[in-house]
Amino acid sequence: MKKYIQKIREKYSVFLILILLVTSFSFGYFIKKSPVTEKAVEHETHLSDAHKGHSAMKHARHITLSDTAQKLASIQVMPVERKFVTAEISMFGKIDYDETKLAYITARVPGRLDRLYVDYTGISVRKGDHLVYLYSPELLTAQEELIQALKRVRTKNNDRKYVQKDSFSILEAVREKLRLWGLTESQIKQIEKKNKPSDHITIYAPISGTVIHKNAMEGMYVNTGTQIYTIADLNRVWVKLEAYESDITWIRYGQKVEIRTETYPGERFEGRISFIDPILNQKTRTVAVRVNVENRDGRLKPGMFVRGIVYSRMSAGGKVVEPDLAGKWISPMHPEIIKDRPGKCDICGMPLVQAEMLGYAVAEPKDAPIVIPATVPLITGKRAVVYVRIPDNSTMFEGREVVLGPRAGNYYIVLKGLHEGELVVVNGNFKIDSAMQIEAKPSMMNPEGGGMGAVHKH
Ligand SMILES: [Zn+2]
């Protein structure tokens with residue numbers, strides 16, 4: 001038995017060695033002949049060539065300035081930061097009426113204006129104040145109909161139910177006609193009580209506000225629909241502003257706006273953007289922006305010149321960061337309606353939308369954009385060049401083209417070309433640039449290098 005096992009072992013190990021030999025041989029063959037490997041090696045060579053070229057090109061944008069030269073040129077560097085910066089956007093405009101809070105006093109029945117109680121514009125009226133005393137023969141007829149209908153209903157000796165029902169519906173129809181002609185419920189009751197028609201009707205103010213137009217004169221004959229007065233509710237006003245084309249990237253629907261007036265220097269009013277015109281004014285290169293502002297004390301008067309200021313912060317992704325709107329739901333029609341969860345607008349019933357849908361971002365430190373002071377980039381037309389101090393080499397600087405985003409106060413947002421912590425030249429960059437030109441290297445003024453300003457040195 002033991003002998004038998006040993007025999008198998010011997011046979012098995014011979015077989016194993018054979019397998020090992022065959023596999024290692026073929027493996028080596030494949031390694032040697034593999035086209036993939038050859039290509040990879042070839043690629044490697046190309047890469048190193050390209051790298052050489054790249055660093056050579058990069059080198060052309062480098063300049064060495066001794067410590068003394070740096071002192072003479074007052075070179076100062078500072079690290080590139082990632083932080084939220086605030087843009088102060090200024091807009092100019094005027095106070096206007098809130099068009100959604102206008103009421104028109106119209107004649108609902110033909111007649112003659114025997115008395116206009118408000119005889120000039122600018123007068124403020126309260127809801128229910130009498131405005132017009134109108135003479136109307138048609139009204140007289142309708143009132144007589146009312147009295148007749150009432151008489152029929154009140155007649156007790158009529159015991160037939162359906163006749164009774166008929167009289168009631170006639171009475172209700174006449175009442176409705178008078179309501180449509182603008183008579184109040186109490187006016188109708190008064191006529192029924194007195195049992196006597198009047199050929200005049202008083203028209204009352206439907207809202208509190210200021211009479212901004214008087215379209216009729218006493219003694220004038222009017223038809224149904226003739227406008228007599230326009231009343232504006234000035235408890236809330238519209239501020240109509242113009243935003244410059246370059247500023248609209250910072251502005252969003254629902255954003256808070258600080259309103260300053262010449263009339264009340266030092267005072268701040270506040271509102272929210274309720275409309276941004278989707279069309280740019282070709283003549284002024286501005287965009288119309290409307291702001292809703294509460295005006296309970298009536299101090300803001302239509303026609304006043306104002307300045308609107310938006311303090312806007314932007315995330316790295318180009319969204320506006322407004323902490324009081326982060327994660328909130330807002331009415332797409334009434335920006336003052338802001339809620340914690342989805343629902344409907346209290347004013348118009350429209351479904352609320354998420355603030356994020358309107359171009360807002362939830363602010364997190366990691367979303368802060370890369371920024372540099374506005375004195376760092378040298379800008380000509382579309383190009384911007386910054387000078388960066390090479391790490392671990394305090395005498396070498398690199399000129400680098402960057403892509404700038406919008407400017408925010410004393411900062412530029414950088415979209416491309418710089419990393420957080422890199423040291424950029426904040427003072428003396430013009431001097432470095434002219435040194436580059438003297439050495440015929442690519443500079444802001446001369447991106448290709450060489451050419452003008454090139455002095456050959458040996
Ligand atoms: Zn609404």
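If you're wondering where the values come from, they're calculated on a predicted model, not measured in any experiment.

On to the overall build of the protein, then. A count of helical and extended segments in the protein gives seven helices and 29 strands. A burial count over the protein gives 28% of its 458 residues as buried.

Moving on to the environment of Leu102. Looking at where Leu102 falls in the secondary structure, it is placed in strand 5 (residues 102-106). For Leu102, a count of 15 C-beta atoms within 10 Å puts it in the partly exposed group. Sequence separation between Leu102 and Ile207 is 105 residues; the distance between their C-alpha atoms is 8.7 Å. Apart from the residues lying within four places of it in its own chain, the contact partners of Leu102 are Tyr97, Thr230 and Ala232.

Further remarks concern helix 6 (residues 185-194). Little of helix 6 is tucked away, with one of its 10 residues classed as buried. Positive phi appears at Asn195, one or two residues downstream of helix 6, with a value of about 60°.

A word on the sheet that holds strand 5. The strand order 5-12-10-7 describes an open sheet built from four strands, whose pairing is antiparallel. The two strands at the open ends of the sheet, each matched to only one other strand, are strand 5 and strand 7 (124-125). Pairing between strand 10 (residues 209-214) and strand 12 (residues 227-232): four bridges, direction antiparallel. Along strand 12, the bridge assignment pairs Lys214 with Tyr229.

Counting residues in hydrophobic clusters, the biggest one holds 89 residues, and the most contacted among them are Val239, Ile372, Val386, Val414 and Val424. The contact partners of Val414, leaving out residues within four places of it in the chain, are Ile370, Val371, Ile372, Val402, Leu404 and Gly405.

Our focus in this paragraph is the pairing of strand 8 (residues 130-135). Across four bridges, strand 6 (residues 111-116) lies against strand 8 in antiparallel orientation. Bridge pairing in strand 8 places Arg112 opposite Tyr135. Summarising the sheet, strand 8 and strand 9 (residues 200-204) pair through five bridges and their orientation is antiparallel. Within strand 9, the residue paired with Tyr133 across the bridge is Thr202.

Right, let's get into helix 7 (residues 429-438). Restricting attention to buried positions, one finds in helix 7 the residues Asn429, Ile432, Asp433, Met436 and Gln437. Down the axis of helix 7, the sector holding all buried residues measures 145°, keeping them to one side. Those residues of helix 7 hidden inside the fold are in contact with strand 1 (62-64), strand 24 (378-380), strand 25 (383-389), strand 26 (396-401) and strand 29 (423-427). Immediately downstream of helix 7, the backbone of Ala440 shows phi near 60°, a positive value.

Time to look at the sheet that holds strand 6. Taken together, four strands build an open sheet; the order of strands is 9-8-6-11 and the sheet is antiparallel. Lying at the two open borders of the sheet, with one neighbouring strand each, are strand 9 and strand 11 (221-222).

This next bit is on the pairing of strand 4 (residues 86-97). The pairing of strand 4 with strand 17 (residues 305-313) spans nine bridges and is antiparallel. By the bridge assignment, Lys94 is partnered in strand 17 with Phe305.

Further remarks concern the environment of Ile379. Considering the arrangement of structural elements, one finds Ile379 in strand 24. Judged by local crowding, Ile379 falls into the partly exposed class, with 13 C-beta atoms found within 10 Å. Measuring from C-alpha to C-alpha, the distance between Ile379 and Met445 comes to 9.3 Å, with 66 residues separating the pair along the chain.

Right, let's talk about the confidence of the model for the protein for a bit. Overall, the predicted model of the protein reaches an average pLDDT of 83, with 83% of residues at or above 70. Throughout residues 16-56 the model reports pLDDT below 50, and contacts reaching past four residues in sequence, or to other chains, amount to one contact. Note on residues 452-458: pLDDT is under 50 here. Beyond four places in sequence and across chains, it has six contacts.

Procedures and definitions
Residues numbered from 1 in each chain as written. Predicted model: local features only at pLDDT ≥ 70, side-chain atom pairs only at ≥ 80, totals over all residues. Helix = DSSP H or I, 4+ residues; strand = E, 2+ residues; numbered from the N terminus. Buried ≥ 20, exposed ≤ 12 C-beta atoms within 10 Å, placed from the backbone. Contact = placed C-beta atoms within 7 Å. Pairing = 2+ DSSP bridges. Core = buried A, V, L, I, M, F, W, Y, C linked by C-beta atoms within 7 Å. Arc of directions from axis to C-beta. pLDDT = per-residue confidence, 0-100.

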